[in-house]
Amino acid sequence: MGPAGPCELRADFRENAAQGANGNQNSKPNKDRIMSRRIFIFDTTLRDGEQVPGAKLNKRQKIEIAQQLARLGVDVIEGGFPCSSPEDLLAVKAISQQVKGPVVAGLARAVNQDIDAAWEAVRDAERPRIHVFLGSSDIHLQRKLRRDRATALEMAVEAVKYAKRYCEDIEYSTEDASRTDFEYLCRVMDAVIKAGATVVNVPDTVGYAVPDEFGEVIRRLKERVPGLDHVTLSVHCHNDLGLAVANSLAAIRNGANQVECTVNGVGERAGNASLEEIVMILKTRHATYEAHSEIRTEEIYRTSRMVSRLMNIPVQPNKAVVGSNAFAHSSGIHQDGILKDRRTYEIMKPEDVGIRQHKIVLTARSGRAALKHRLSELGYKPEQELFERIYSRFLNVADRKKEISSQDLNAIVEIEMTKVPETFSFHSMQIMSGNTMVPLASVTLLKESVTLTDAATGNGPVDAVFKVIERIVGQHGILRDYDLKAVTMGKDALGEAMVRVEINGAVYSGIGTSPDVIEASARAYLNAFNRFFANGG
Ligand code: KIV
Ligand code: ZN
């Protein structure tokens, strides 16, 4: 059975579609009753999402994100692929022990050793699930697995039966389902359901499907495999053709009741279906889909920021729902319309996804009590030690910025919550730069309270700062990627730098935030080196 059974219905009122989701603010909703199906949200950010090169998370970071996913209200957290490494097994185990609420799933190939590892990882969860997968398309069977259909079917059944000895909740995925012969797909589904699978998943592994066709596959599967009425029917779409969300919605329309997705759509290649897009489409166009999720949408923005920061994957500014421009109205006509009535150009409210504008602003003179109060409004209740770190960074930023907005605070909290152990910590820097001189940087770092200062010239101020950091930490790095953006609004916005640095043959990502973009870059570069050292470097 899925997180709460194969099909949950609730009675809802049909919203006034002509006015969009905000339409019932000032007008009476149209009171047609509709039956709304619950769609279970299976989050695979920590498994499929983490397969992005350079986005590897350590145990602490995985727990951090899993806790936020639980606050967001996802139904299932796929914590990882426990057989892939002992670290991943331990990370999924820690999530199982510490994160309450959602089902915790561990992925396994259809072999006993993988299933043993997955069970070891999820056995302590409140609601454990083993997720078994095996290729089903001819190309996977012939070229990758070198098995015929009958043998693979037997493997699938044996794997489900084996997993079932451990755990009641078993998900089975027919990898590459969208390129699988339909008759064979029906046979596999029927057989794994009879063997005890409680969730069957139809992955569009290579992002090949298109919505009409994928929806049709789901409809026909439901027609042909009677057992599907008693289990959860799931889909898992990749975004190679930019259709992952559209395909997931087509599947929902045709009877799927679980969607697998990731925060910010992160994942292999072009990524997975984006959680926030699916959830906000179901909310905004609820009447169209007659389906809903139980996600606490006000947690979306914070979750997006946390995943972006910990995985070091920037969110594109025009990304739907969570991009920095998603709610920015720049043209005069639009601004005029928004001022007269937000519904003219806004189909979702920024507050719905957790972007809040507060009237009272914090400044350097706001004390601990005001900061604590605002943090609690934003949903943070940091313990004393973390609070003190947040307070000291808040003062540092507030000294240089007149007013501290909610986004600034979110960024400050994220930085402090997601810190890696610092072998070297940033103290200060000076830059001399201009278009007629060679830039010169001097940087001071602390190593266990010993002050280390050095200076260097470079091709630009950022290059000079990076060179000094390398000199002080005694390690050379090759900059592979550098991204700089404003994370908050206005001329005195907080700048966020993200870097990927190759150190001793491995790539480490780093992130740094400051109102000064050179300092943000320096902090990001140092952060990458600290990850290297934390990794035993
Ligand atoms: O894309 C895919 O097929 C997968 C499965 C393991 C579900 O990630
Ligand atoms: Zn996948």
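Every value quoted in this text rests on a predicted model; they were computed, and no experiment measured them. (Residues numbered from 1 in each chain as written. Chains lettered and ligands numbered in written order. Predicted model: local features only at pLDDT ≥ 70, side-chain atom pairs only at ≥ 80, totals over all residues. Heavy atoms only, no water.)

The next point concerns the sheet that holds strand β17 (residues 506-514). Spatially, β15-β16-β17 is the arrangement adopted by the three strands of the open sheet, whose pairing is antiparallel. Among the strands making up the open sheet, the edge pair consists of β15 (478-486) and β17. Ignoring strand direction, the axes of neighbouring strands in this sheet form an average angle of 15°. Pairing analysis gives nine bridges linking strand β16 (residues 495-503) to β17, with the strands arranged antiparallel. (Pairing = 2+ DSSP bridges. Helix = DSSP H or I, 4+ residues; strand = E, 2+ residues; numbered from the N terminus. Axes fitted to C-alpha atoms, helices over the stretch in contact; angles between N-to-C directions.)

Next up on the list: the coordination of the zinc ion (ligand 2). For the zinc ion (ligand 2), the full set of protein donor atoms is Asp 48 (OD), His 236 (NE2) and His 238 (NE2), at a range of 2.0 to 2.1 Å. The sequence pattern formed by the donor residues of the zinc ion (ligand 2) is D-x187-H-x1-H. Within this pair, whereas Asp 48 is found in the loop between β3 (40-43) and α1 (59-72), its partner His 238 is found in the loop between β9 (232-237) and α8 (244-253), the two being separated by 190 residues in sequence. By relative accessible area, which is 5% here, His 238 ends up buried. (Donors = N, O, S within 2.8 Å, 3.2 Å for Na, K, Ca; no water. Buried < 20%, exposed > 50% of the residue type's maximum accessible area, 1.4 Å probe, protein only.)

This part covers the sheet that holds strand β5 (residues 103-109). Within the closed barrel, the eight strands sit side by side as β3-β4-β5-β6-β7-β8-β9-β10. Their pairing is parallel. Strand-to-strand twist across the sheet, computed as the mean angle between neighbouring axes with direction ignored, equals 25°. As paired strands, strand β6 (residues 128-135) and strand β7 (residues 170-175) are joined by six bridges and run parallel to one another. Across the sheet, residue Ile 130 finds its bridge partner in β7, namely Ile 170. Of the strands in this sheet, β6 and β7 touch helix α4 (residues 138-145), which is tilted by about 85° from β6. (Contact = heavy atoms within 4.5 Å.)

Let's shift gears to helix α6 (residues 182-195). The first and last C-alpha atoms of α6 sit 20 Å apart over 14 residues, in line with the 20 Å expected at 1.5 Å per residue. Here α6 has its buried residues at Phe 182, Tyr 184, Leu 185, Cys 186, Val 188, Met 189, Ala 191, Val 192, Ile 193 and Ala 195. For α6, the secondary structure elements touched by its buried residues are α4, α5 (149-164), β7, β8 (199-204) and α7 (211-224). In the segment just after α6, Gly 196 is the residue with positive phi, at about 125°. (Expected span 1.5 Å × (residues − 1).)

This brings us to the site of ligand 1. For ligand 1, the full set of nearby residues is Arg 47, Asp 48, His 131, Phe 133, Ser 173, Glu 175, Asn 201, Pro 203, Thr 205, His 236 and His 238. Within the contact set of ligand 1, an oxygen atom lies 2.6 Å away from a side-chain nitrogen or oxygen of Thr 205. A distance of 3.1 Å separates an oxygen atom of ligand 1 from a polar atom in the side chain of His 236. Out of a free accessible area of 260 Å², ligand 1 has 94% covered by protein chains. Looking at the shell around ligand 1, its residues break down into two nonpolar, six polar and three charged. (Near = heavy atom within 4 Å. Polar contact = N/O pair within 3.5 Å; in protein donor to acceptor, adjacent residues only side chain to side chain. Areas by Shrake-Rupley, 256 points an atom, 1.4 Å probe, with all protein chains shown as cover. Nonpolar A, V, L, I, M, F, W, Y, C, P; charged D, E, K, R; others polar.)

We now examine the packing of α1 against helix α2 (residues 86-98). Two quantities define a packed helix pair, namely the angle between the axes and the distance from one axis to the other. Two elements in contact, α1 and α2, have axes whose closest approach is 9 Å; the angle formed by their N-to-C orientations is 35°. For the crossing formed where α1 meets α2, the hand is right-handed. Every residue of α2 that contacts α1 at Lys 59, Lys 62, Ile 63, Ala 66 and Gln 67 is listed here: Asp 88, Leu 90, Ala 91, Ala 94, Ile 95 and Gln 98. Taken together, the residues that form the contact of α1 with α2 break down as six nonpolar, two polar and three charged. (Left-handed = near helix turned anticlockwise from the far one by under 90°.)

With that settled, consider helix α3 (residues 112-122). Since one α-helical turn is 3.6 residues long, residues separated by three or four positions face the same way. Looking at α3, one finds that the buried residues are Asp 114, Ile 115, Ala 117, Ala 118, Trp 119, Ala 121 and Val 122. Tucked into the core, α3 has its buried residues touching α2, β5, β6 and α5.

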